[in-house]
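# Structure at a glance
Letter by letter, the chains look like this.
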Amino acid sequence: MLSDQQVELLNQTPVGHLATADTDGRPYVVPFCFVCNGGRIYSVLDAKPKSSDLRRLRRVRNIVDNPRVSVVIDHYEADWSKLWFLLIQGIAELLEPSVEHAAALAELRGKYPQYHDMDLADNPMIRITPERVTGWNGG
């Protein structure tokens, strides 16, 4: 579903925006750190200060109730010929510790040095399987 160029853009871009919705369709968008591996997008629920248990975060509750999500990554410059964005629509689920979780966590630690000192092995991870990818670039 994702081209090699799109995977490269995903893995070179430090932050994206994850949109979830509750069962009533109320949208909720948060910035998130992620990596793309094997055609899927992974984001660990990390150790930054949170006001509640990781499994009670709104984005997690939304995914449990309504797994349809959207991800936007983009690049902006004053030179509009260098603009681009990707919109990825897919299905999200929580991934508990497993071989797949460990592999994705290793990729995330490779992309984000901040994760090296965080104990994340037991934290749930969001796994997004793309169903539709659209985008645009100014060049």
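This text goes with the structure placed above it.
Below: a short report on this structure. (Residues numbered from 1 in each chain as written. Predicted model: local features only at pLDDT ≥ 70, side-chain atom pairs only at ≥ 80, totals over all residues. Heavy atoms only, no water.)

With that settled, consider a nonpolar patch on the surface. A surface patch of nonpolar side chains, amounting to about 260 Å² of accessible area, comprises Val-72, Phe-85 and Trp-136. Along the chain, Phe-85 falls in strand β6 (residues 84–95). The partly exposed category is assigned to Phe-85, whose relative accessible area is 31%. (Patch = residues over 30% accessible without salt bridge, like charges linked within 9 Å, V, L, I, M, F, W, Y side chains within 5 Å. Areas by Shrake-Rupley, 256 points an atom, 1.4 Å probe, with all protein chains shown as cover. Salt bridge = Lys/Arg side-chain N within 4 Å of Asp/Glu carboxyl O. Helix = DSSP H or I, 4+ residues; strand = E, 2+ residues; numbered from the N terminus. Buried < 20%, exposed > 50% of the residue type's maximum accessible area, 1.4 Å probe, protein only.)

A separate point is the pattern of salt bridges. All chains considered together, the criterion is met by 6 salt bridges. With a closest N to O distance of 2.8 Å, Arg-127 and Glu-93 form a salt bridge. Of this pair, Arg-127 sits in strand β7 (residues 125–137) while Glu-93 is found in strand β6, placing the two residues 34 residues apart along the sequence. Taking relative accessible area as the criterion, Glu-93 reaches 33% and is therefore assigned partly exposed. Two residues, Glu-100 and Arg-127, come together in a salt bridge whose shortest N-O distance is 2.5 Å. Within this pair, whereas Glu-100 is found in helix α3 (residues 99–111), its partner Arg-127 is found in strand β7, the two being separated by 27 residues in sequence. Relative accessible area serves as the criterion here: at 26%, Glu-100 is assigned to the partly exposed category. The class for Arg-127 is buried, based on a relative accessible area of 11%.

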